[in-house]
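What follows is the residue order along each chain.
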Amino acid sequence: MNRIVGYNKSVNDVDFTIKKGETVGLVGESGSGKTTLGRCIVRLYDSTAGSIKFNVNGKMTELTNLSTKEMKNIRKNFQMLFQDVYSSLDTRMKISKIVTEPLDIHNVGTKKDRIERAKELMIKVGLSENDLEKYPHQFSGGQRQRIGITRALSINPEFIICDEPVSALDVSVQAQILNLLVDLKNEFNLSYLFIAHDLSVVKYISDRIIVMYLGKILEIASSSDIYESPRHPYTEALLAAISKNKAGSKRDILLKGNIPDPSNPPSGCVLHPRCSYARDICKNISPELMPVKGKTNAFAACHLTNELNLKYFN
Ligand code: SF4
């Protein structure tokens with residue numbers, strides 16, 4: 001994956017790169033445009049402008065120009081995992097059919113090869129060969145997500161968009177699925193874009209994190225920079241929201257009100273109506289995503305990035 005630019009009413013001026021073997025967390029409240037962005041990248045949604053490039057066998061390929069047939073060929077390189085895995089699985093199909101379907105679509109191997117691949121992957125994700133004969137309703141939520149992962153991996157993709165794949169699961173099951181995704185990433189040298197609505201889930205899985213709000217990137221930095229020294233008030237507020245520290249000062253940092261309508265964003269800095277640090281300039285001038293002073297590969301879109309002494313919550 002090289003360069004991704006999306007533009008529509010809910011995602012605007014978004015530009016970033018995901019390297020081979022990297023996990024990038026994409027975080028923001030509901031309505032921030034994360035899912036739209038993820039779906040634009042794999043062209044489940046068509047963007048109205050911009051560029052999405054994918055490195056196929058060493059050649060950068062522009063995805064937005066491809067025909068449906070060309071797109072089908074490239075699509076086997078990337079897969080998606082969904083939050084609502086049950087509705088993404090055809091409940092009338094046996095698991096064997098569900099997990100081998102991508103191989104059928106792309107005409108990979110013989111029928112026997114496909115079943116062998118399915119058996120191997122089922123064991124790798126913590127299920128059994130016998131589970132291939134069952135149906136989706138016979139599994140728990142965590143097991144269904146393992147089936148979704150098996151299906152995604154069957155075609156041997158390089159890049160997986162994980163769209164809140166653990167949000168609907170119990171915390172203990174979340175940890176198991178996250179650990180599984182990390183192990184699989186290391187084993188198969190996968191790249192992930194991991195979408196989540198808060199910063200707790202992506203903490204242990206991400207190399208870098210993108211913080212998004214109303215279709216704009218507000219901060220990009222390494223995972224350690226985001227958690228230990230956030231440079232954008234929105235990131236600080238997201239960290240305060242997941243903090244176990246009940247200090248009184250935390251109340252001042254939590255965001256005021258709700259996320260505005262993305263089709264009618266506020267003037268100037270999109271966060272200004274909710275930001276406790278907002279000044280007059282914030283109402284009129286939209287801050288650019290700029291390098292953060294004293295940091296490497298860290299960017300923030302805030303007029304006051306280099307002045308504010310943002311708090312860190314653990
Ligand atoms: Fe807050 Fe102003 Fe920074 Fe926007 S630019 S995040 S309103 S301080």
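The structure presented is a predicted model; accordingly, all values stated were derived computationally and were not measured.

1. With respect to the overall build of the protein chain
Next up, step 1: If you tally the helices and strands in the protein chain, you get twelve helices and twelve strands.
Next up, step 2: Relative to the compact-globule value of 20 Å for 314 residues, the protein chain shows a C-alpha radius of gyration of 21 Å, a close match.
Next up, step 3: Each principal axis of the C-alpha atoms in the protein chain carries an extent, and together these give about 65 × 45 × 35 Å.
Next up, step 4: By residue count, 50% of the 314 residues in the protein chain fall in the buried class.
Next up, step 5: The long-range fraction of contacts in the protein chain, counting pairs at least 24 apart against all pairs at least 6 apart in sequence, stands at 64%.
Next up, step 6: Entry remark: accessible area of the protein chain is about 15,000 Å², with carbon and sulfur atoms responsible for 47%.

2. Some words on the domain arrangement of the protein chain
Next up, step 1: Domain boundaries in the protein chain define domain 1 (23–206) and domain 2 (225–300).
Next up, step 2: The C-alpha-based centres of domain 1 and domain 2 are spaced at 31 Å.
Next up, step 3: The interface of domain 1 with domain 2 comprises eleven residues on the first partner and eleven residues on the second.
Next up, step 4: Counting across the interface, domain 1 meets domain 2 through one salt bridge.
Next up, step 5: When residues of the side of domain 1 that touches domain 2 are assigned to their parent elements, the largest contribution, three residues, is made by helix α8 (residues 199–202).
Next up, step 6: In the side of domain 1 that touches domain 2, the residues fall into three nonpolar, five polar and three charged.

3. Re empty space enclosed by the protein
Next up, step 1: Counted according to the given criterion, the structure contains two cavities of 30 Å³ or more.
Next up, step 2: Taken as a whole, the largest cavity spans an internal volume of roughly 70 Å³.
Next up, step 3: Across the lining of the largest cavity, the residue classes tally to ten nonpolar, three polar and no charged.

4. Some thoughts on the nonpolar core
One recurring pattern in soluble globular proteins: nonpolar side chains tend to sit buried together.
Next up, step 1: Ranked by internal contacts, the top residues of the largest apolar core, which has 56 residues, are I149, L199 and V202.
Next up, step 2: In terms of residue count, the dominant contributor to this core is helix α7 (residues 171–188) (five residues).
Next up, step 3: The residue makeup of this core includes at least three contributed by each of domain 1 (23–206) and domain 2 (225–300).
Next up, step 4: Once residues lying within four places of it in the same chain are set aside, the contact partners of V202 are G25, V27, F194, A196, I209 and Y227.
Next up, step 5: If you look at the next biggest cluster of nonpolar residues, it comprises 24 residues, including I52, F159, I210 and I217.

5. Quick look at the pattern of salt bridges
Next up, step 1: In the structure shown here, the tally under the stated rule is 19 salt bridges.
Next up, step 2: Linking R151 and E101 is a salt bridge whose minimum nitrogen-to-oxygen distance equals 2.7 Å. Here E101 lies in helix α4 (residues 95–105) and R151 lies in helix α6 (residues 141–154), a separation of 50 residues in the sequence.
Next up, step 3: The class for R151 is partly exposed, based on a relative accessible area of 23%.

6. Details of the site of the ligand
Next up, step 1: Neighbouring the ligand are 13 residues; C269, C275, C282, C302 and H303 lie closest to it.
Next up, step 2: Judged by the proximity of its atoms to the pocket grid, the ligand belongs to the largest cavity.
Next up, step 3: A class-by-class count of the residues in the shell around the ligand yields ten nonpolar, three polar and no charged.

7. Section: the pairing of strand β6 (residues 78–81)
Next up, step 1: Burial along β6 is two-sided: the face carrying F78 and M80 and the face carrying Q79 and L81 are both buried.
Next up, step 2: Here four bridges tie β6 to strand β7 (residues 159–163), and the two strands are oriented parallel to one another. Considered in β7, the bridge of L81 is made with C162.

8. Observations regarding unusual backbone geometry
Next up, step 1: Although it is not a glycine, E164 sits at a positive phi angle of roughly 50 degrees.
Next up, step 2: Along the chain, E164 falls in the loop between β7 and α7.

9. Quick word on the packing of aromatic side chains
Next up, step 1: Applying the stated criterion to the full structure yields three aromatic pairs.
Next up, step 2: Between the aromatic rings of F54 and F159, the centroid separation amounts to 6.4 Å while the plane-to-plane angle is 50 degrees, which identifies the pairing as tilted. Here F159 lies in strand β7 and F54 lies in strand β4 (residues 53–56), a separation of 105 residues in the sequence. You'll find F54 and F159 in the same group, each marked buried.
Next up, step 3: With a centroid separation of 4.7 Å and 55 degrees between ring planes, the pair formed by Y213 and Y234 is classed as tilted. With Y213 in strand β9 (residues 208–213) and Y234 in helix α10 (residues 233–242), this residue pair connects regions lying 21 residues apart in the sequence.
Next up, step 4: Here Y213 falls in the buried class, since its relative accessible area comes to 0%.
Next up, step 5: Overall, the relative accessible area of 0% leaves Y234 in the buried class.

About the criteria used
- Residues numbered from 1 in each chain as written.
- Predicted model: local features only at pLDDT ≥ 70, side-chain atom pairs only at ≥ 80, totals over all residues.
- Heavy atoms only, no water.
- Helix = DSSP H or I, 4+ residues; strand = E, 2+ residues; numbered from the N terminus.
- Rg over C-alpha atoms; globule rule 2.2 N^0.38 Å.
- Buried < 20%, exposed > 50% of the residue type's maximum accessible area, 1.4 Å probe, protein only.
- Contact = heavy atoms within 4.5 Å.
- Areas by Shrake-Rupley, 256 points an atom, 1.4 Å probe, with all protein chains shown as cover.
- Domains from an automatic or database assignment.
- Salt bridge = Lys/Arg side-chain N within 4 Å of Asp/Glu carboxyl O.
- Nonpolar A, V, L, I, M, F, W, Y, C, P; charged D, E, K, R; others polar.
- 1 Å grid on protein atoms, 1.4 Å probe; cavity = no way out; pocket = protein on both sides within 12 Å on 5 of 7 lines; lining within 4 Å.
- Points joined across faces, edges and corners; volume = space filled by probe spheres on them.
- Core = buried A, V, L, I, M, F, W, Y, C linked by side-chain atoms within 4.5 Å.
- Near = heavy atom within 4 Å.
- Sits in = over half its atoms within 2 Å of the grid points.
- Pairing = 2+ DSSP bridges.
- Phe/Tyr/Trp six-rings, centres within 6.5 Å; stacked < 30°, edge-to-face > 60°.

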